[in-house]
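Architecture at a glance
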Amino acid sequence: MGKALKKKKRKAGANVQARRNKYTMIGITLVVCMLFGVLIYEGHGLQQRIIANDEKQDQLANQIEKEKQRTKEIGELEAYMQTDEYIESAAQEKLGLVKENEIIFKAEK
């Protein structure tokens, strides 16, 4: 009888151990699934940030091109302002000066 009782206890202990192993595996599986879900969520968030940063980068590149064009136009205007043609036109417009042999027609008020 002693051997049968020991064998029965061992079998019951093995069943308890098998049940514990099963619950442990289920717990580990749940933790892994949760981590996988968090990883997917965070990955999606990072993808959205990448898209937003790409759009911002494109906007900044366009802004840089506009500023380069504006700088070029300012340089051209500066060069034009150094010419005699500009000086003459500014003198005519702002100071009312005229060239020799030039006839001015004024509208009557």
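You'll find the structure just up there.
Anyway, here's the lowdown on the structure attached to this text. (Residues numbered from 1 in each chain as written. Predicted model: local features only at pLDDT ≥ 70, side-chain atom pairs only at ≥ 80, totals over all residues. Heavy atoms only, no water.)

1. Describing the overall build of the protein chain
In terms of regular secondary structure, the protein chain is built from 2 helices and 0 strands. About 11100 Å² of surface is accessible on the protein chain, with carbon and sulfur atoms providing 59% of the total. (Helix = DSSP H or I, 4+ residues; strand = E, 2+ residues; numbered from the N terminus. Areas by Shrake-Rupley, 256 points an atom, 1.4 Å probe, with all protein chains shown as cover.)

2. Considerations on the pattern of salt bridges
Opposite charge on two side chains makes pairing possible when the charged atoms of those side chains draw close. Tallied over the entire structure, the rule returns 1 salt bridge. Residue Glu-67 pairs with Arg-70 through a salt bridge whose shortest N-O separation is 3.6 Å. Placement of both Glu-67 and Arg-70 in helix H1 (residues 2–81) is noted, with a separation of 3 residues, approximately one turn of the helix. Glu-67 sits in the partly exposed class, given a relative accessible area of 38%. (Salt bridge = Lys/Arg side-chain N within 4 Å of Asp/Glu carboxyl O. Buried < 20%, exposed > 50% of the residue type's maximum accessible area, 1.4 Å probe, protein only.)

3. Concerning the packing of aromatic side chains
One pass over the structure, following the stated rule, counts 1 aromatic pair. Judged by centre distance (5.4 Å) and plane angle (70 degrees), the rings of Tyr-80 and Tyr-86 are edge-to-face. Note on Tyr-86: relative accessible area 21%, which makes it partly exposed. (Phe/Tyr/Trp six-rings, centres within 6.5 Å; stacked < 30°, edge-to-face > 60°.)

4. Regarding a nonpolar patch on the surface
A surface patch of nonpolar side chains, amounting to about 340 Å² of accessible area, comprises Tyr-23, Ile-26 and Leu-30. Here Ile-26 is to be found in helix H1. Judged by relative accessible area, Ile-26 falls into the partly exposed class, the value being 43%. (Patch = residues over 30% accessible without salt bridge, like charges linked within 9 Å, V, L, I, M, F, W, Y side chains within 5 Å.)

Without other data, these values stay purely geometric and don't point to any function.
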